[in-house]
Amino acid sequence: MSLNENYQRVKEEIYAATVACGRSPADVHLIAVSKTHPVAQVDALAALGQVDFGENRIAELVEKKNATLAKNIRWHLIGQLQTNKVKLLPQGVILHTLDRVSLADKLAQHFATNPNGESGVDVLIQVNCSGEENKSGVHPDALDALCEYVAQKSAIRVRGLMTMAEHTDEEKTIRKAFAHLRSLSENIAAQKFFLTYENILSMGMSGDFKIAIQEGATHVRIGSAIFGSR
Ligand SMILES: *Cc1c(COP(=O)(O)O)cnc(C)c1O
């Protein structure tokens, strides 16, 4: 399968899953996860019209962001960010993995004093909905407290939530995690923690994006189904 064929198939599958559950195609966005694949693949996909790209590691994101020939790409950092690497996060990149106070502190500090005169950072809060011990993300019980804290940081624009489901064949388990994220998001919206909140739900990957769409995903993060295996 060529990149173009994979891309068209994934888009068709997203479209079909979206309309099948009565949602509007305009409400579900595809983030193409290009990690480990060369920047030429990013250029090729951007030439086919793809705008949103995701990377797992900050160094790889910065490298591809600087090397790509494509204009107008919107970059998403979907992997963990160490506090000592916050300074590497370029202005305009959307961070999906805010999950702790120490990271919020560093983000607020760095993006309040951006030398270009621009300021602020768009983020999603990552929640550990699967209950796996070694997964990153804030525990659902600690989410409200983190939101209260982050709400005091005007440089941080929280726009939604992100989660990763457990790697399992059990659809019920996956669905439960996604449904949980959605209900947490509705709760945050109702409490009006953030003026910038827009109920973004970043959930669903190559293996589980159809379930995620059924459970309300607004952004699916898809790598291998587009670019091939890593
Ligand atoms: C790699 C990755 C993806 C994409 O995974 P695929 O299974 O290749 O679609 C999505 N989200 C995160 C956080 C990732 O690290």
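Data block above holds the structure.
Residues numbered from 1 in each chain as written. Predicted model: local features only at pLDDT ≥ 70, side-chain atom pairs only at ≥ 80, totals over all residues. Heavy atoms only, no water.

A. The arrangement of the overall build of the protein chain in detail. When helices and strands are tallied, the protein chain shows eight helices and eight strands. Taking 2.2 N^0.38 as the reference for a compact globule, 230 residues should give roughly 17 Å; the C-alpha atoms of the protein chain span a radius of gyration of 17 Å, in line with that estimate. C-alpha extents for the protein chain along the principal axes are approximately 45 × 40 × 30 Å. Taken over 230 residues, the protein chain has a buried fraction of 49%. For the protein chain, the exposed area adds up to about 11,200 Å²; of that, 48% sits on carbon and sulfur atoms. Of note, the protein chain has its 25 positive side-chain charges centred 4 Å away from the centre of its 26 negative side-chain charges. (Helix = DSSP H or I, 4+ residues; strand = E, 2+ residues; numbered from the N terminus. Rg over C-alpha atoms; globule rule 2.2 N^0.38 Å. Buried < 20%, exposed > 50% of the residue type's maximum accessible area, 1.4 Å probe, protein only. Areas by Shrake-Rupley, 256 points an atom, 1.4 Å probe, with all protein chains shown as cover. Lys, Arg positive; Asp, Glu negative; His and termini not counted. Charge placed at Lys NZ, Arg CZ, Asp CG, Glu CD.)

B. Quick peek at the site of the ligand. The local shell around the ligand holds 13 residues, among which K35, S206, G223, S224 and R230 are the closest. With respect to the ligand, the side chain of R221 contributes an N or O atom lying 2.9 Å from a nitrogen atom. At 2.8 Å, a backbone N or O of G223 approaches an oxygen atom of the ligand. Spatially, the ligand is embedded in the largest pocket. Tallied by class, the residues present in the shell around the ligand amount to six nonpolar, four polar and three charged. (Near = heavy atom within 4 Å. Polar contact = N/O pair within 3.5 Å; in protein donor to acceptor, adjacent residues only side chain to side chain. 1 Å grid on protein atoms, 1.4 Å probe; cavity = no way out; pocket = protein on both sides within 12 Å on 5 of 7 lines; lining within 4 Å. Sits in = over half its atoms within 2 Å of the grid points. Nonpolar A, V, L, I, M, F, W, Y, C, P; charged D, E, K, R; others polar.)

C. Focus on the nonpolar core. Ranked by internal contacts, the top residues of the largest apolar core, which has 63 residues, are L89, L107, I125, I156 and L161. Per-element tally for this core: the top contributor is helix α6 (residues 171-191), with six residues. Aside from chain neighbours lying at most four places away, what touches L89 is I58, L77, L81, L95, L107, H110, F111 and V121. (Core = buried A, V, L, I, M, F, W, Y, C linked by side-chain atoms within 4.5 Å. Contact = heavy atoms within 4.5 Å.)

D. Quick peek at the pairing of strand β4 (residues 94-98). Of all five residues in β4, five are buried; the element is thus mostly enclosed. Inspection of the sheet shows strand β3 (residues 74-77) paired to β4 by two bridges, in the parallel sense. Of the residues in β4, the one forming a bridge with L77 is L95. Sheet analysis places β4 next to strand β5 (residues 121-126), joined by two bridges and oriented parallel. Following the sheet pairing, L95 is matched in β5 by V123. (Pairing = 2+ DSSP bridges.)

E. Inspection of the layout of surface pockets at higher detail. Reported here for the largest pocket is a volume of approximately 550 Å³. Lining the largest pocket are 27 residues, and of these M164, H167, M205, S206 and D208 lie nearest its centre. Residue composition of the lining of the largest pocket, by class: nine nonpolar, eight polar and ten charged. Size it by volume and the second largest pocket reaches roughly 220 Å³. Lining the second largest pocket are 13 residues; nearest its centre among them are K11, V28, H29, L30 and Q50. Secondary-structure elements contributing two or more residues to the lining of the second largest pocket are α1 (3-20) and β1 (29-33). Tallied by class, the residues present in the lining of the second largest pocket amount to seven nonpolar, four polar and two charged. (Points joined across faces, edges and corners; volume = space filled by probe spheres on them.)

F. Geometry of the packing of aromatic side chains. Counting across every chain of the model gives three aromatic pairs. Both rings, one in F193 and one in F194, keep their centres 5.9 Å apart while their planes meet at 45°; by these two values the pair is tilted. Of the aromatic side chains, those joined through ring pairs into one cluster are F193, F194 and Y197. (Phe/Tyr/Trp six-rings, centres within 6.5 Å; stacked < 30°, edge-to-face > 60°.)

G. Local environment of the pairing of β5. Most of β5 is tucked away, with six of its six residues classed as buried. In β5, alternate side chains face the same way, and those of V121, V123 and I125 on one face and D122, L124 and Q126 on the other are all buried. Pairing analysis gives six bridges linking β5 to strand β6 (residues 156-162), with the strands arranged parallel. In the strand pairing of β6, V121 is matched with I156.

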